[in-house]
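Breakdown of the fold
What follows is each chain in one-letter form.
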Amino acid sequence: PIPSENGDAKKEMENDAEKASVLVEDRDGDAVPSSKSTEDKDVEGGGAEQASRLDFIKKVYGTHTFLIHVLIGILLAWAYPPLGGKYLAPHITAKWVAVIFIFVMAGLGLKTEEFANAFKQFRFNLTVQIFNFLAVSGLVFGVSRFLLTFNLIAKNLADGMVICSCLPMTINMVLVMTKSAGGEEAAAVFNAAFGNMLGVFITPLLILMYLGEETSMKLGPVFFKLGVRVLVPITVGQLLKNFVPPVKSFVTEHKPKFKKLQEWALVFIIYTVFCHTFLGEVETTAVDALIMVIIQCALLCLVMGIAWIFLKFSFPNSPKLRVMGLFGCSHKTVAMGIPLINAIYETDPNLAFYTLPLIVWHPMQAVIGSALSPSLNAFVKREEARLNLGKDQE
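In short, a report on the structure. (Residues numbered from 1 in each chain as written. Predicted model: local features only at pLDDT ≥ 70, side-chain atom pairs only at ≥ 80, totals over all residues. Heavy atoms only, no water.)

With that settled, consider the overall build of the chain. Regarding its fold elements, the chain presents 16 helices and two strands. The proportion of buried residues among the 394 residues of the chain is 44%. A fraction of 82% describes how many contacts in the chain between residues 6 or more apart in sequence connect residues 24 or more apart. (Helix = DSSP H or I, 4+ residues; strand = E, 2+ residues; numbered from the N terminus. Buried < 20%, exposed > 50% of the residue type's maximum accessible area, 1.4 Å probe, protein only. Contact = heavy atoms within 4.5 Å.)

What follows is the structure in structure tokens.
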């Protein structure tokens with residue numbers, strides 16, 4: 001049968017109706033999406049916005065993982081102190097197992113072979129170590145005692161600031177920041193490794209010198225504990241690294257996982273320390289802690305500023321060394337610091353407050369260092385171009 005004209009007209013009308021459901025004409029005659037299509041796009045836009053927020057949260061978490069875990073640990077300790085203070089046997093799990101694990105891993109990663117390079121840049125290396133240990137601790141001690149004179153800060157937090165300032169520099173962060181900012185990497189490797197080994201001996205002596213009778217620390221037992229919990233594990237790590245290749249290759253292959261385990265061990269130590277503190281009466285207030293945070297941030301900026309000026313006059317024609325020195329002079333280690341403080345003050349009721357200033361200093365040095373890296377990198381390139389131009393003209 002031949003289809004009728006009415007049938008063709010009907011099909012055309014249906015097709016037009018379908019098109020109209022998707023597109024409608026605006027006043028200028030342009031085709032625009034119908035209300036249904038717009039709703040779909042709104043849903044898609046909302047999904048994209050939600051995904052971007054999720055990406056932002058992931059980025060923040062990835063950048064500040066350790067700090068976030070520490071804050072969660074402190075909140076959990078406050079919520080139920082007996083768990084970490086008693087039931088998890090912190091006198092074994094935190095004070096021995098976690099500490100020994102951290103220092104064995106430190107021994108496996110410590111590049112002691114770089115100690116042979118000590119005399120290649122002896123004056124620079126000596127300058128960085130003296131500034132990091134003595135200049136920073138002297139400045140912080142003076143500021144903390146001044147604040148105590150006017151009762152502007154709680155004493156246990158002021159002592160914690162001094163203890164933090166007596167610690168050696170970071171290892172990984174100094175290397176990463178130096179590389180990112182175009183600094184001298186070989187100098188960073190040596191000073192980080194050598195400074196951490198020195199810290200085992202110098203940190204307790206500096207604390208005793210500054211706090212003296214004010215501290216509960218007894219030097220003989222402290223060095224014995226440091227020998228058993230710190231030096232022996234570091235030595236074991238070094239022996240495994242140098243004489244047991246399968247262990248070294250296994251740790252190198254799974255380095256990110258072991259680094260995470262070290263972070264979790266540190267978080268666990270901090271958690272148990274605060275659990276123990278919250279089991280007793282806490283006299284230090286949140287206002288005291290906030291004041292300490294502000295002071296620590298200001299001190300870090302001041303230390304970095306003084307270090308930069310000092311290095312400018314001491315090493316005017318060595319831009320790469322100046323950049324490395326900026327980080328080496330001001331950074332303080334949390335990986336070595338928390339276990340050291342825990343070993344020195346394990347029976348002190350103020351132990352948590354002695355660790356708090358370090359927990360503040362550590363992320364701040366990462367934030368400030370990351371912000372300065374592009375400018376420092378540009379500075380190194382600019383200075384090297386200037387120095388090379390001067391040599392060519394000569």
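A few words now on a nonpolar patch on the surface. Among the surface-exposed residues, Phe 119, Phe 122, Leu 126, Ile 130 and Leu 134 lie close enough to one another that they form a single nonpolar patch of about 520 Å² accessible area. In this fold, Leu 126 is placed in helix H6 (residues 122-149). (Patch = residues over 30% accessible without salt bridge, like charges linked within 9 Å, V, L, I, M, F, W, Y side chains within 5 Å. Areas by Shrake-Rupley, 256 points an atom, 1.4 Å probe, with all protein chains shown as cover. Salt bridge = Lys/Arg side-chain N within 4 Å of Asp/Glu carboxyl O.)

Counted according to the given criterion, the structure contains six salt bridges. Several salt bridges converge on common partners, so that one network encompasses Arg 145, Lys 155 and Asp 159.

Position of Asn 156 among the secondary structure elements: in helix H7 (residues 155-165). Polar side-chain contacts of Asn 156 include one of 2.8 Å to the side chain of Thr 284. Here Asn 156 is in contact with Thr 284, Asn 350, Phe 353 and Tyr 354, once residues within four sequence places are set aside. (Polar contact = N/O pair within 3.5 Å; in protein donor to acceptor, adjacent residues only side chain to side chain.)

Moving on, we come to unusual backbone geometry. Despite not being glycine, Ala 89 shows a phi value in the positive range, around 50 degrees. Its identity as a non-glycine residue notwithstanding, Asn 151 has a phi of 55 degrees, on the positive side. With respect to the helices, strands and loops of the structure, Asn 151 is situated in the loop between H6 and H7.

Here we come to the environment of Thr 333. Examined against the element boundaries, Thr 333 turns out to sit in the loop between helix H14 (319-330) and helix H15 (337-344). By relative accessible area, which is 2% here, Thr 333 ends up buried. For the pair Thr 333 and Ile 359, spaced 26 residues apart in sequence, the C-alpha separation works out to 9.7 Å. Not counting the four nearest positions on each side in its chain, Thr 333 is found in contact with Leu 167, Pro 168, Met 169, Thr 170, Asn 196 and Leu 358. Within polar-contact distance, the side chain of Thr 333 engages the backbone nitrogen of Met 336 at 3.0 Å.

A separate point is the layout of surface pockets. Over the atoms, a rolled probe matching the size of one water molecule traces out where space is still vacant. Of the voids in this model, the largest pocket is the one considered here, and its volume is about 1,700 Å³. Surrounding the largest pocket, 50 residues form its lining, Ile 171, Asn 172, Met 173, Val 176 and Lys 259 being those nearest its centre. By residue number, the principal contributor to the lining of the largest pocket is helix H12 (residues 255-279), which donates eight residues. Grouping the constituent residues of the lining of the largest pocket by class yields 26 nonpolar, 14 polar and ten charged. For the second largest pocket, the calculated volume is near 570 Å³. Of all the elements in the fold, those that place two or more residues in the lining of the second largest pocket are helix H3 (65-79), H12, helix H13 (286-314) and helix H16 (351-393). (1 Å grid on protein atoms, 1.4 Å probe; cavity = no way out; pocket = protein on both sides within 12 Å on 5 of 7 lines; lining within 4 Å. Points joined across faces, edges and corners; volume = space filled by probe spheres on them. Nonpolar A, V, L, I, M, F, W, Y, C, P; charged D, E, K, R; others polar.)

With that out of the way, let us pick up the side chain of Asp 348. By the secondary structure assignment, Asp 348 is in the loop between H15 and H16. It turns out Asp 348 is buried and unbridged, and the closest side chain with the opposite charge, Lys 155, is 9.1 Å from it. Within the local environment of Asp 348, its side chain forms a polar contact with the backbone nitrogen of Asn 350, the two atoms lying 2.8 Å apart. (Lys, Arg positive; Asp, Glu negative; His and termini not counted.)

Quick look at the packing of aromatic side chains now. Under the criterion given, the structure shown has nine aromatic pairs. Judged by centre distance (5.2 Å) and plane angle (70 degrees), the ring pair of Trp 308 and Phe 379 falls under edge-to-face. Residue Trp 308 is located in helix H13, and its partner Phe 379 is located in helix H16; the two are separated by 71 residues in the primary sequence. For the cation-ring pair, Arg 229 lies above Trp 96, with the distance from its terminal atom to the ring centre recorded as 4.3 Å. Here the guanidinium or amino end of Lys 332 rests over the ring plane of Phe 133, the centre of that ring lying 6.0 Å away. (Phe/Tyr/Trp six-rings, centres within 6.5 Å; stacked < 30°, edge-to-face > 60°. Lys NZ or Arg CZ within 6 Å of the ring centre and 35° of its normal.)

Another aspect to go through is the nonpolar core. A general trend in soluble globular proteins is that nonpolar side chains are found buried together. If you look at the biggest cluster of nonpolar residues, it comprises 92 residues, and the most contacted ones within it are Phe 124, Ile 153, Ile 269, Phe 274, Ile 341 and Tyr 345. Considering every element that reaches this core, the biggest residue donor is H16, with 13 residues. Contact partners of Ile 269, with chain neighbours within four places excluded, come to Ala 94, Ala 98, Val 99, Ile 102, Ile 338 and Asn 342. (Core = buried A, V, L, I, M, F, W, Y, C linked by side-chain atoms within 4.5 Å.)

What follows covers the packing of H6 against helix H9 (residues 185-211). Where H6 contacts H9, the axes come no closer than 10 Å and their chain directions differ by 35 degrees. Crossing angle aside, the handedness with which H6 passes H9 is right-handed. Residues Phe 124, Asn 125, Val 128, Gln 129, Phe 133, Leu 134, Ser 137, Gly 138, Phe 141 and Arg 145 of H6 form the contact with H9, whose own contacting residues are Ala 187, Phe 190, Asn 191, Phe 194, Gly 195, Leu 198, Gly 199, Ile 202, Thr 203, Leu 206, Tyr 210 and Leu 211. Here the residues of the contact of H6 with H9 are counted per class, giving 13 nonpolar, eight polar and one charged. (Axes fitted to C-alpha atoms, helices over the stretch in contact; angles between N-to-C directions. Left-handed = near helix turned anticlockwise from the far one by under 90°.)

With that settled, the discussion passes to helix H10 (residues 219-243). The end-to-end C-alpha distance of H10 is 33 Å, a good match for the 36 Å that 25 residues give at a rise of 1.5 Å each. Maximum bend of H10: about 40 degrees, positioned at Gly 227. Where H10 is buried, its residues meet helix H5 (90-109), H9, helix H11 (245-253) and H15. (Expected span 1.5 Å × (residues − 1). Bend = angle between axes of the 7 residues up to and from the residue.)

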